[in-house]
Amino acid sequence: MKYCIFCGKQIKEGQKFCPYCGKPQSKMSNSTGLKNTGTGKNTGTTAPKKPATSTGKQKKTAHPEDGGSKKLRLLIIIIIIAAALVVGGIVVLKTGLLDSVLSGSRTESGQEDEDEDDRDDRDRDEDEDLSAEEEAAAEEGESADEEEELDLSDIDIDAVSDSYAEFTGVLADAGDCYEVTLSDTCNIYAYDNEGEKVIRNDVSQIVLSEIGNWDVDDYLGEEVTVGGYIEVADQDVTMALEDFEGPELTEDTAIHSYQIMIDDCTWEEAMQEAQELGGYLVRINSQEEYDTILTQLNAGDYSKYHFYLGGRRDSDGSDYYWVGTDNEFIGDSLNSSSSWCQSAWYDGEPSYADGDITEDAMNLFCVGGTWYLNDSSMDLVGNYPSYLTGCVGYIVEIE
């Protein structure tokens, strides 16, 4: 058998290198087993050592691949794997960082674009606000200039601050409207119908453009006080009437003209028709006026007729009064003991009813050639058709 001269392992004959330790065997003497010391001398004739075979365990010499070499290879493998992991992590980290950087760059770029757009929008808004403010300031300046141009020192009525105003003057009928002629002229500051502020000096008349439900006809020629909202239309100062005050209406004792009408109508219809004829149901305010009307009736053949007069009472009242064109009471009670016509009533009248028929209106009728005041139904033909059909009329007073 042949043994390695270095590690003592058994090797095959003819092997030049030990398969265990890798050392060359060429300089070995196969016969003597002497070790070459490198000095050119032999160290002796001692036979090569053999491993122990008898009493103890044979001491194993570490094979490079079984010990240190394997550990070295394992360490190298671990180092390579660790290095690969580190390199891979770095690559992943760099990739993520790059994406983050690129994303951040894109975000910053987008944000910058948005910020720039926002700045542009703000700039436009600021420009528009500034333009609006400048325009408003210009309008204020123009308005202020206009007001500065108007001399308000002599203004009597400031209808710009408060368009409601009151005036006193004489009421007149102007045809298509009513006018109030002022006692004293005045200067008025007001809006015109286009919304402009204007001044009208020496105004002498107020045109009542709207009178609402006010009945002003009974006050024509009278001094009245009117209140309402005014504006300037062309050269006129107009008023939408809100308040009206005139003198207390008194009994008119003047003698007017009288028109006798024959019509089977009601008292309310007679009131309306009299106004359509340009007058009103007669109001007799003196003995002289009464005698004038009776003379006119006696001159014609009217003794069979019952004529409605312009007087009535409330359904729950007992006093009769003359009424105006709006059916409002005028003057004093006509059936009181102090009235001029107390003696002109028919005996026992007013009676306020005839059986079940209520009597609320005044009329004039003739009995035995004498005319009397009487209270009657407001619908004579309707209540007494067989007796009064064709025998009803009314008297119109025209001033």
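Residues numbered from 1 in each chain as written. Predicted model: local features only at pLDDT ≥ 70, side-chain atom pairs only at ≥ 80, totals over all residues. Heavy atoms only, no water.

K.L.:
Sorry if this is basic, but what is going on with the environment of Ile260 here?
P.N.:
Mapped onto the fold, Ile260 is located in strand β9 (residues 257-262). Its relative accessible area of 18% is what places Ile260 among the buried residues. A C-alpha to C-alpha distance of 8.9 Å links Ile260 and Gln296, two positions 36 residues apart in sequence. With sequence-adjacent residues up to four places away left out, Ile260 is seen in contact with Gln296, Leu297, Tyr302, Phe307 and Tyr394. (Helix = DSSP H or I, 4+ residues; strand = E, 2+ residues; numbered from the N terminus. Buried < 20%, exposed > 50% of the residue type's maximum accessible area, 1.4 Å probe, protein only. Contact = heavy atoms within 4.5 Å.)

K.L.:
Can you walk me through unusual backbone geometry in this structure?
P.N.:
Excluding glycine, most residues fall at negative phi; most peptide bonds, likewise, are trans. Between Glu349 and Pro350 the backbone carries a cis peptide bond, its omega angle lying at 0°. For Tyr352, which is not glycine, the phi dihedral falls at a positive 70°. Relative to the assigned elements, Tyr352 resides in the loop between β13 (329-330) and β14 (353-354).

K.L.:
Explain a negative patch on the surface to me, please; I cannot follow it from the model alone.
P.N.:
Residues Glu166, Glu210, Glu242, Asp243 and Glu245 make up a contiguous surface patch of negative charge. Ranked by residues supplied to the negative patch, first place goes to strand β8 (residues 236-245) with three residues. Positionally, Glu210 belongs in strand β6 (residues 197-210). Judged by relative accessible area, which is 52%, Glu210 ranks as exposed. (Patch = residues over 30% accessible without salt bridge, like charges linked within 9 Å, V, L, I, M, F, W, Y side chains within 5 Å. Areas by Shrake-Rupley, 256 points an atom, 1.4 Å probe, with all protein chains shown as cover. Salt bridge = Lys/Arg side-chain N within 4 Å of Asp/Glu carboxyl O. Lys, Arg positive; Asp, Glu negative; His and termini not counted. Charge placed at Lys NZ, Arg CZ, Asp CG, Glu CD.)

K.L.:
Honestly, the pattern of salt bridges in this entry has me stumped. Any pointers?
P.N.:
Pairing between side chains of opposite charge can happen when the charged atoms of each approach one another. Scanning all chains against the criterion turns up two salt bridges. With its nearest N and O atoms 3.1 Å apart, the salt bridge here joins Arg312 to Asp314. Note on Asp314: relative accessible area 34%, which makes it partly exposed. Asp360 is the salt-bridge partner of Arg313, the closest N and O atoms lying 3.0 Å from each other.

K.L.:
Even after reading the chapter, I still don't get the packing of aromatic side chains, so can you show me in this structure?
P.N.:
The geometry of two aromatic rings is summed up by the distance between their centres and the angle between their planes. Counted according to the given criterion, the structure contains 13 aromatic pairs. Summarising the aromatic geometry, the rings of Tyr164 and Tyr229 are spaced 5.6 Å apart at their centres and angled 70° between planes, so their arrangement reads as edge-to-face. Here the residue Tyr164 occupies a position in strand β4 (residues 164-173), and Tyr229 occupies one in strand β7 (residues 223-233), the gap between them amounting to 65 residues. Residue classification places Tyr164 among the partly exposed residues on the basis of a relative accessible area of 25%. By relative accessible area, Tyr229 is classed as partly exposed at 42%. (Phe/Tyr/Trp six-rings, centres within 6.5 Å; stacked < 30°, edge-to-face > 60°.)

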